[in-house]
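The chain contents come next:
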Amino acid sequence: SDTAEKAGKWKKEKWNNATNGDPNKKPSLKKVNNNTANDLAKKNGFKDAHDFKESFVGKSNISKFNMKIDKNTGEIFLESVQKGGNVIATGYYK
């Protein structure tokens with residue numbers, strides 16, 4: 001879909017920003033629990049973690065992604081629960 005295509009392009013840009021342009025360097029991601037995820041989402045203007053995730057991956061994919069925090073930058077990422085799946089830099093911070 002058009003939204004997925006835009007998200008993919010944005011993801012690549014944001015990933016490069018998160019890694020200072022080094023494609024071999026990945027952010028150091030730490031999973032957050034449900035209460036923390038809800039608090040982070042609310043702090044960034046969303047109703048809850050489900051609302052936050054829905055805005056990036058769509059309602060049908062909410063359960064397929066976990067919220068994680070880059071320990072170095074504090075940026076919130078969405079990581080697929082599938083091994084080797086997508087990692088989405090959201091541009092939001094803790």
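Everything quoted here is computed from the prediction, not taken from an experiment.

## Let's talk about the overall build of the protein
Each helix and strand in the protein was counted, giving 3 helices and 4 strands. For the protein, the succession of helices and strands along the chain, N to C, is α-β-α-α-β-β-β. Long-range pairs, those at least 24 residues apart, make up 43% of the contacts in the protein between residues at least 6 apart in sequence. Approximately 6,200 Å² of the protein is accessible, and the part contributed by carbon and sulfur atoms is 44%.

## Points about the packing of aromatic side chains
Going through the model one piece at a time under the given rule, you end up with 5 aromatic pairs. For the ring pair F52 and F56, a centre distance of 5.2 Å and an interplane angle of 50° mean the geometry is tilted. Of this pair, F52 and F56 both sit in helix α3 (residues 49-57), 4 residues apart, which is roughly one turn of the helix. For F52, a relative accessible area of 0% translates into the label buried. Using a relative accessible area of 18% as the deciding quantity, one classes F56 as buried. On the basis of an interplanar angle of 85° and a centroid distance of 6.1 Å, the ring pair of F56 and Y92 is categorised as edge-to-face.

## Observations regarding the sheet that holds strand β2 (residues 65-70)
Reading across the sheet, the 4 strands line up as β1-β2-β3-β4 and stay open at both edges, with antiparallel pairing between neighbours. Two strands close off the open sheet at either side, each with one partner strand: β1 (29-31) and β4 (87-93). Taking the axes of each pair of neighbouring strands and ignoring which way they run, one obtains an average angle of 35° across the sheet. On the sheet, α3 packs against β2, β3 (75-80) and β4 and is oriented at approximately 125° with respect to β4.

## Structural notes on the confidence of the model for the protein
Averaged over all residues, the pLDDT of the protein is 82; the fraction at 70 or higher stands at 73%. Throughout residues 1-17 the model reports pLDDT below 50, and contacts reaching past four residues in sequence, or to other chains, amount to 17 contacts.

## Overview of the pattern of salt bridges
Enumeration over the complete set of coordinates arrives at 1 salt bridge. Residue E79 is joined to K68 by a salt bridge in which the shortest nitrogen-to-oxygen separation is 2.4 Å. Pair noted here: E79 is in strand β3 and K68 is in strand β2, with a separation of 11 residues, a long-range link. Residue E79 is classed as partly exposed on the basis of its relative accessible area of 22%.

## Digging into α3
All of the buried residues in α3 are A49, F52, K53, F56 and V57. Projected down its long axis, α3 shows its buried positions confined to an angular sector of 105°, all on one face. The opening residue of α3, the one whose side-chain oxygen lies 3.1 Å from the backbone nitrogen of H50, is D48. Phi turns positive one or two residues past the end of α3, at G58, with a value near 85°.

Cut-offs used in this document
- Residues numbered from 1 in each chain as written.
- Predicted model: local features only at pLDDT ≥ 70, side-chain atom pairs only at ≥ 80, totals over all residues.
- Heavy atoms only, no water.
- Helix = DSSP H or I, 4+ residues; strand = E, 2+ residues; numbered from the N terminus.
- Contact = heavy atoms within 4.5 Å.
- Areas by Shrake-Rupley, 256 points an atom, 1.4 Å probe, with all protein chains shown as cover.
- Phe/Tyr/Trp six-rings, centres within 6.5 Å; stacked < 30°, edge-to-face > 60°.
- Buried < 20%, exposed > 50% of the residue type's maximum accessible area, 1.4 Å probe, protein only.
- Pairing = 2+ DSSP bridges.
- Axes fitted to C-alpha atoms, helices over the stretch in contact; angles between N-to-C directions.
- pLDDT = per-residue confidence, 0-100.
- Salt bridge = Lys/Arg side-chain N within 4 Å of Asp/Glu carboxyl O.
- Arc of directions from axis to C-beta.
- Polar contact = N/O pair within 3.5 Å; in protein donor to acceptor, adjacent residues only side chain to side chain.

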